[in-house]
Amino acid sequence: MTLQIRSFEAYQRVYARSVADPEGFWAEQAHTFQWRKPWRQVLKWNFREPRVKWFVGGRLNITENCLDRHLEKRGRQTALIWEPNNPSRKARKITYRQLHGLVCQFANALKAQGVKKGDRICIYMPMTPELAVAVLACARLGAIHSVVFAGFSAVSLADRIKDAQVKVVLTSDYNARGAKNIAVKQIVDEALTLGCDTVERVIVHQNTGDPVVMQEGRDMWWHDVIKGKRKQCKPTIVDSEDMLFILYTSGSTGKPKGVVHTHGGYMVYTEFTFRNVFQYEEGDVYWCTADIGWVTGHSYIVYGPLLAGATTVMFEGVPTYPDAGRFWDVIQRHKVNIFYTAPTAIRALMAAGDQWIKGRRMPSLRVLGTVGEPINEEAWQWYHERVGKKRCPIVDTWWQTETGGILITPLAGITPLKPCYASYPFPGIQPCLVDANGKELEGDGVEGMLCIKFPWPSILRTTFGDHERCRQTYFATFKDKYFTGDGARRDAGGIYRIIGRVDDVINVSGHRIGTAEIEDAINKSPNVVESAVVGYPHDIKGQGIYAYIITSGPVADIASFRKNVLDTVTREIGPIAKPDKIQVVPGLPKTRSGKIMRRILRKIAEGDTSNLGDTSTLLNPEVVDDIQQGSKSL
Ligand code: WTA
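Residues numbered from 1 in each chain as written. Predicted model: local features only at pLDDT ≥ 70, side-chain atom pairs only at ≥ 80, totals over all residues. Heavy atoms only, no water.

Caption draft 1: Region of the structure containing the pattern of salt bridges. Under the counting rule described, the total for this entry stands at 39 salt bridges. Across the pair glutamate 271 and arginine 275 runs a salt bridge, and its minimum N-O distance is 3.0 Å. Here arginine 275 and glutamate 271 lie together in helix 9 (residues 263-277), a separation of four residues that amounts to about one turn. One salt bridge in this structure joins aspartate 284 and arginine 366, with 2.9 Å as the shortest N-O distance. Of this pair, aspartate 284 sits in the loop between helix 9 and strand 16 (285-288) while arginine 366 is found in the loop between helix 12 (343-351) and strand 19 (367-371), placing the two residues 82 residues apart along the sequence. By relative accessible area, which is 29% here, arginine 366 ends up partly exposed. Through salt bridges that share partners, Lys185, Asp189, Arg218 and Asp219 make up one connected network. (Salt bridge = Lys/Arg side-chain N within 4 Å of Asp/Glu carboxyl O. Helix = DSSP H or I, 4+ residues; strand = E, 2+ residues; numbered from the N terminus. Buried < 20%, exposed > 50% of the residue type's maximum accessible area, 1.4 Å probe, protein only.)

Caption draft 2: Here's a closer look at the sheet that holds strand 4 (residues 78-83). A sheet is described by the order of its strands in space; here seven strands give the open sequence 5-4-17-16-18-19-20, paired in mixed fashion. Strand pairing shows two members of the sheet lacking a second neighbour, strand 5 (92-95) and strand 20 (394-397), which therefore form its edges. For this sheet, the mean inter-axis angle between neighbouring strands, taken without regard to orientation, is 20°. Here strand 16 runs beside strand 17 (residues 311-315); their pairing, made up of three bridges, is parallel. (Pairing = 2+ DSSP bridges. Axes fitted to C-alpha atoms, helices over the stretch in contact; angles between N-to-C directions.)

Caption draft 3: Structural view of empty space enclosed by the protein. Applying the stated criterion to the full structure yields two cavities of 30 Å³ or more. Counted as a void, the largest cavity has a volume near 50 Å³. Val147, Val148, Phe149, Phe152, Arg160, Leu247, Tyr248, Gly293 and Trp294 together form the lining of the largest cavity. Here the lining of the largest cavity is built from residues that sort into seven nonpolar, one polar and one charged. Of the pockets and cavities examined, the second largest cavity occupies roughly 30 Å³. In terms of lining, the second largest cavity is formed by Trp380, Ile394, Asp396, Pro410, Leu417, Lys418, Pro419 and Tyr421. (1 Å grid on protein atoms, 1.4 Å probe; cavity = no way out; pocket = protein on both sides within 12 Å on 5 of 7 lines; lining within 4 Å. Points joined across faces, edges and corners; volume = space filled by probe spheres on them. Nonpolar A, V, L, I, M, F, W, Y, C, P; charged D, E, K, R; others polar.)

Caption draft 4: A look at the site of the ligand. Surveying the vicinity of the ligand reveals 17 residues, the closest of which are Asp396, Thr397, Thr401, Asp486 and Arg512. The contact in question runs from an oxygen atom of the ligand to an N or O atom on the backbone of glycine 372, over 3.1 Å. A distance of 2.6 Å separates an oxygen atom of the ligand from a polar atom in the side chain of aspartate 486. Calculation on the ligand without its partners gives an accessible area of 530 Å², and the protein chains cover 96% of this total. Among the secondary structure elements, those contributing two or more residues to the shell around the ligand are helix 10 (295-307), strand 20 and strand 25 (495-501). Of the residues assigned to the shell around the ligand, the class counts are six nonpolar, six polar and five charged. (Near = heavy atom within 4 Å. Polar contact = N/O pair within 3.5 Å; in protein donor to acceptor, adjacent residues only side chain to side chain. Areas by Shrake-Rupley, 256 points an atom, 1.4 Å probe, with all protein chains shown as cover.)

Caption draft 5: Region of the structure containing the domain arrangement of the protein. By domain assignment, the protein separates into domain 1 (8-63 + 263-499), domain 2 (96-236) and domain 3 (522-631). Counting residues at the interface gives five residues for domain 2 and seven residues for domain 3. Taken together, the two surfaces of domain 2 and domain 3 that pack against each other cover about 450 Å², and 56% of this comes from carbon and sulfur. Between the two partners, domain 2 and domain 3, sit zero salt bridges. For the interface between domain 2 and domain 3, the tally reads five residue pairs in polar contact (both at pLDDT 80 or more). Here the residues of the side of domain 2 that touches domain 3 sort into two nonpolar, three polar and no charged. (Domains from an automatic or database assignment. Contact = heavy atoms within 4.5 Å. Buried area = accessible area lost by both parts, 1.4 Å probe.)

Dropping the structure here:
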């Protein structure tokens, strides 16, 4: 077993050791796993190129560690509990042995379709057990999975398929979410008309059974490809540094980039964090409400829990269907011990009213977690009092797609809690705060940009197909440091509070979206000349999307103009990127060099116009008043 930290003193000791001797420390953790060939060297790195390699020369397969390794001891233990969208349908329980069989069988099916090590497989599926099976089957063959959240549009999906030069797409007929039945396969069909020339095969899982059109020669049913396939499949043994998956995420500029994680380090880090952050105990039922389309689902629904031999719950639906008591129903029904969700869900359930949680007994709950965005004090207190009945610690876990696993976090029941603080760095993580000049800020009571000084096993290795972009985005801003894009504060004793993004990325309901991406989409709408998008505080979503738009002429029908914009954004990105507020403006405040002054737009969007700063140096100071006036009437 990897090390289990049981007290705050132990945490301090372990942390000190992990910094003094990172290689020795991580090698000890890695020994828990099954390696087919031992590593020659623990770590090779520089943040200049950057080049980071962990467990160099080691060979393994992560699914052997997720599944085969557990068969003897826990073959009959439930690995996965699937809670369907429709509460009157029965939940599905899959044991470790059954999951092993399903993964092997689908891996054999993929192999028969010509999938081999290094091929990119795009997975665009709803939250059904087959999604987890698909992910693991790819890993079993050393194929690289690229899961795309099934809420993204055909255009977004096509961009991701093209960027990764995908060979096979795995999808489902429909996605049952709340009262909706989304035609997922149809979205794939549309995406594949947009120049995805590398795709040879589409495999469709029959989920709801509603009718779909299958394209002869290209599309095959999941149940047909697995027919007659054996439930044993030798894992393809890969190098520790071979790619495990690509996951696209948004940044300040350009299209989303494909963050790359590799087998060895990712395995060691996700298992170790999972067990220690949540203080997982043998036999616990663990539920993370994220979607596998995001990194949280990769690391803490699939890989981390399965590597640790836990029982992981997968939920197909949404928190408010059929009513705002659904989460609590699921916790009661499956006797969930550890519950991990996002602040936006907590705020939405809090806003739905206390009647949904009042009088609920959830004695199984022991640990609560949050992730994805800063949690406000009110939501933290509600979560603590109403959900955890004041007896469950809350772990506010800070991390990113690029970090692969949790980096700053309390350890449940061990670290003293302070609401809204992600608190201390996890063992092996060396954070620092820097000012705009890259100067490291010393001491407590300081605020700056959050960087990490030393690699950890699951740090991103590259951005797919464009290593220079990886260097530029994360390693060029501050010399010899990984730059997170977040601002943070360090207080007495060295605890961290994450403030939020300092770049042009906004966090809407815990989803990362680049403002430039939304602007590009809006600019494709009829009559739009230029746009600028900023975030503003939103009671439920954390941040809302505020779009300032210059049109090519007067807008006669504002309602239909807005509808066009929303439809365009939905078509280009997906419903999650739809602006909450749209304001038609005569111009955008620009500097003399033509750069949009987003600071001013942010202030106006926040409704804070008392101190707009000096606007006299603008190219067009007169537009500021106009924009302010218009904003008031929104
Ligand atoms: C934000 C999600 C405050 C942060 C795992 C980060 C958080 C971005 C927290 C990454 C937290 C994540 N407190 N902010 N506990 N966790 N964030 O890549 O801005 O989808 O940079 O990964 O979410 O989002 P991503």
